[in-house]
Amino acid sequence: MNPADAVPLSERLSAGVFDDTAVVTVSGRISEVCRASGCWLVLRDMTDGKVYDILIDLKPLATFTVPADVQGHDAFVRGRFVGSKPDVKFHAVGLRLE
């Protein structure tokens with residue numbers, strides 16, 4: 001995964017158009033993590049005083065989980081947007097922590 005290809009989460013969510021077939025890389029900070037099995041996390045981006053959050057679901061496509069101690073880390077997440085506003089989420093296929 002190339003961090004140079006990443007787009008801030010706020011930019012993707014502000015656009016409001018999601019192609020569920022396109023694999024994209026978004027960036028943000030991990031604000032919450034599944035403490036039971038590491039199967040999901042919440043990625044957050046704060047831009048211009050506005051908070052953008054999205055649920056990153058690792059179950060459908062990923063073959064990995066995350067440890068609970070990644071909360072607060074900056075991250076690049078690769079995958080697909082699924083659903084439509086206000087219930088859009090992200091199915092991850094890759095994750096890179098900074």
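Placed above this text is the structure.
Described below are features of the structure shown in this document.

The rules behind these values
Residues numbered from 1 in each chain as written. Predicted model: local features only at pLDDT ≥ 70, side-chain atom pairs only at ≥ 80, totals over all residues. Heavy atoms only, no water. Salt bridge = Lys/Arg side-chain N within 4 Å of Asp/Glu carboxyl O. Buried < 20%, exposed > 50% of the residue type's maximum accessible area, 1.4 Å probe, protein only. Helix = DSSP H or I, 4+ residues; strand = E, 2+ residues; numbered from the N terminus. Lys, Arg positive; Asp, Glu negative; His and termini not counted. Polar contact = N/O pair within 3.5 Å; in protein donor to acceptor, adjacent residues only side chain to side chain. Contact = heavy atoms within 4.5 Å.

## Examining the pattern of salt bridges
Here is step 1: Across all of its chains, the model carries four salt bridges by this definition.
Here is step 2: Notably, a salt bridge pairs Arg44 with Asp53, separated by 2.7 Å at the nearest N-O pair.
Here is step 3: Note on Asp53: relative accessible area 36%, which makes it partly exposed.
Here is step 4: For Glu98, the salt bridge goes to Arg96, with nearest N and O atoms at 3.0 Å.
Here is step 5: We classify Glu98 as partly exposed; its relative accessible area is 49%.
Here is step 6: A relative accessible area of 36% means that Arg96 is categorised as partly exposed.

## Some points on the side chain of Asp45
Here is step 1: Considering the arrangement of structural elements, one finds Asp45 in strand β3 (residues 40–47).
Here is step 2: Although Asp45 is buried, it forms no salt bridge, and the closest oppositely charged side chain is Arg29 at an N-O distance of 8.9 Å.
Here is step 3: Within polar-contact distance, the side chain of Asp45 engages the side chain of Ser10 at 2.7 Å.
Here is step 4: Beyond its immediate sequence surroundings of up to four residues, Asp45 is in contact with Pro8, Leu9, Ser10, Ser27, Lys50, Val51 and Tyr52.

## Quick look at unusual backbone geometry
Here is step 1: The phi angle at Asp48 is positive, at roughly 55°, despite the residue not being glycine.
Here is step 2: Tracing the backbone shows Asp48 in the loop between β3 and β4 (50–57).

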